[in-house]
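Summary of the model geometry
Next come the chains, spelled out residue by residue.
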Amino acid sequence: MGFIAFLILGLIAGAIAKAILPGRQGGGWIITMVLGVVGALLGGWIGGALFGGGLQEFFSLQTWLLAILGSLIVLAIYGMVTKRGARR
């Protein structure tokens, strides 16, 4: 998968993760893309470690599910970190 395709995957996976995760998460589309790309990397690593398969082709269902799962994890951690920082 190319670099631009990976950025698009990250942006869309981050947006889907924001729509799935309850509550309000801050950040615009750049934060969404960064969290989505980091989440896609995390999802690919988790998929490789647990199931023996990471991110495949752009239009592969496995790629999208792993990217969204990783983005949900990263977004949940981001939400906990930013909420803790806002209370201080």
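In the block above lies the structure referred to throughout.
Residues numbered from 1 in each chain as written. Predicted model: local features only at pLDDT ≥ 70, side-chain atom pairs only at ≥ 80, totals over all residues. Heavy atoms only, no water.

This paragraph deals with the environment of L75. With respect to the helices and strands, L75 occurs in helix α3 (residues 61–87). The class of L75 is buried, set by a relative accessible area of 2%. As for L75 and L21, which are separated by 54 residues in sequence, their C-alpha atoms are 8.1 Å apart. (Helix = DSSP H or I, 4+ residues; strand = E, 2+ residues; numbered from the N terminus. Buried < 20%, exposed > 50% of the residue type's maximum accessible area, 1.4 Å probe, protein only.)

Before going further, it helps to spend a moment on the environment of G43. Topologically, G43 is positioned in helix α2 (residues 29–51). For G43, a relative accessible area of 0% corresponds to the buried category. In this structure the C-alpha to C-alpha distance between G43 and I73, which are 30 residues apart in sequence, comes to 8.8 Å. Leave out the neighbours within four places in its chain, and G43 touches L66 and G70. (Contact = heavy atoms within 4.5 Å.)

Within the secondary structure, T32 is located in helix α2. Overall, T32 belongs to the buried group, its relative accessible area being 7%. For T32, the residues in contact, after removing those within four places along its chain, are G10, L11, G14, A15 and K18.

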